Amino acid sequence: MDLSSKKIPFLEWIHCNTCYDLYVYKTRIFYLLAGCLHIVCAKCIREKKPEDSNGPSHYKCSVCLKLARACQVNNNMPKHLKDLFHPFPNKEDLNMSVVLQFQQRHQQRFRHYIQRMTSFLDERQENLSKRRDGAKTLYQQLREARSERKQLEQRMTLVKKRHREMEERKKNPRPLVHSTYTTSESSKFSAHPNKPRINRSILYKRSQQISANLSGPRMPQNSFNSNAQNNPNPIANFAQNTESFVL
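The protein carries the name RING-type domain-containing protein in an unreviewed UniProt entry, which gives Glossina brevipalpis as its organism.

See the structure below:
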């Protein structure tokens with residue numbers, strides 16, 4: 001098994017137990033497997049120099065805060081530690097229970113981290129959408145306030161202008177001017193000299209003639225009166241007058 005290759009399956013769970021940086025991305029200089037079986041990257045581990053310069057270095061685990069020796073995760077690590085990262089522990093003569101327990105513990109830790117980050121991102125997304133809606137509402141209110149301020153400024157300008165006009169009128173009052181018509185102005189309301197005047201008597205006679213022509217011939221007055229004296233019945237009298245008028 002080559003741990004330096006990125007094509008080996010089932011190695012995505014190898015990560016730093018502190019910053020959760022994945023081993024397959026190779027973003028850190030090295031990863032260490034501490035004696036407490038925690039995997040820590042070079043950024044999160046703390047090395048403590050021994051008193052004897054020739055002695056082995058001890059590291060303080062950033063997860064459990066224990067001092068322990070550590071081994072770098074690579075192809076040169078001891079076989080019993082390298083077998084813990086084997087992708088198929090059931091195909092070779094390995095301590096399968098220990099290997100599975102080690103891998104499942106780290107996989108579960110990384111899975112919980114993914115769930116926390118997913119819920120955190122969902123909360124952030126929801127909070128962001130709420131703030132975006134609030135920002136839209138505030139922006140709309142700002143636009144309305146700007147338009148209202150513009151209207152008030154225009155109104156204030158008009159009020160100031162009227163106030164100045166009133167002050168000028170108070171300082172310079174105008175004299176009252178009575179409206180009198182002159183002969184030239186009064187001639188405008190009189191009849192035009194070129195137009196002929198209307199003769200009302202002739203117009204009245206003409207209207208009487210037109211109404212007489214439209215109403216037809218009149219009944220003779222004397223025949224109507226004589227028939228009324230001879231016949232006391234008004235209905236018979238009316239019939240006789242009508243016959244005499246028709247004949």
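Novice: Please provide a residue-by-residue account of the pattern of salt bridges, values included.
Specialist: One pass over the structure, following the stated rule, counts three salt bridges. Across the pair D83 and K79 runs a salt bridge, and its minimum N-O distance is 3.0 Å. D83 gets classed as buried once you look at its relative accessible area, which sits at 16%. The shortest N-O distance in the salt bridge between K130 and E126 comes to 3.8 Å. Here the residue K130 and the residue E126 both occupy positions in helix 2 (residues 96-171), the gap between them amounting to four residues, near one helical turn.

Novice: Could you give an account of the environment of K66, with specific residues and numbers?
Specialist: Within the secondary structure layout, K66 lies in the loop between strand 4 (58-60) and strand 5 (67-68). Once the C-alpha coordinates of K66 and A34 are considered, the two residues, 32 residues apart in sequence, prove to be 9.4 Å apart. Sequence-distant contacts of K66, that is, excluding residues within four places in its chain, are made with Y59, K60 and C61.

Novice: I'd like a description of the side chain of H106, backed by residues and values.
Specialist: Here H106 is to be found in helix 2. A relative accessible area of 2% places H106 in the buried class. For H106, the side chain forms a polar contact with the side chain of N17, separated by 3.4 Å. Setting aside anything within four residues of it in sequence, one finds H106 in contact with W13, H15, N17, L37, H38 and I39.

Novice: Go over the pairing of strand 1 (residues 31-34) with me, naming the residues and quoting the values.
Specialist: Alternating positions in strand 1 separate into two faces, Y31 and L33 on one and L32 and A34 on the other, with burial throughout. Direction of pairing for strand 1 relative to strand 2 (residues 39-41): antiparallel, over a ladder of three bridges. Its bridge partner lying in strand 2, L32 is registered against V40. Count of turn residues in the strand 1/strand 2 antiparallel hairpin: four residues, of which L37 carries a positive phi of about 65°. Sheet topology places strand 1 next to strand 6 (residues 70-72); three bridges connect them, and they run antiparallel. Within strand 6, the position partnered with A34 by the bridge is A70.

Definitions and cut-offs
Residues numbered from 1 in each chain as written. Predicted model: local features only at pLDDT ≥ 70, side-chain atom pairs only at ≥ 80, totals over all residues. Heavy atoms only, no water. Salt bridge = Lys/Arg side-chain N within 4 Å of Asp/Glu carboxyl O. Buried < 20%, exposed > 50% of the residue type's maximum accessible area, 1.4 Å probe, protein only. Helix = DSSP H or I, 4+ residues; strand = E, 2+ residues; numbered from the N terminus. Contact = heavy atoms within 4.5 Å. Polar contact = N/O pair within 3.5 Å; in protein donor to acceptor, adjacent residues only side chain to side chain. Pairing = 2+ DSSP bridges.

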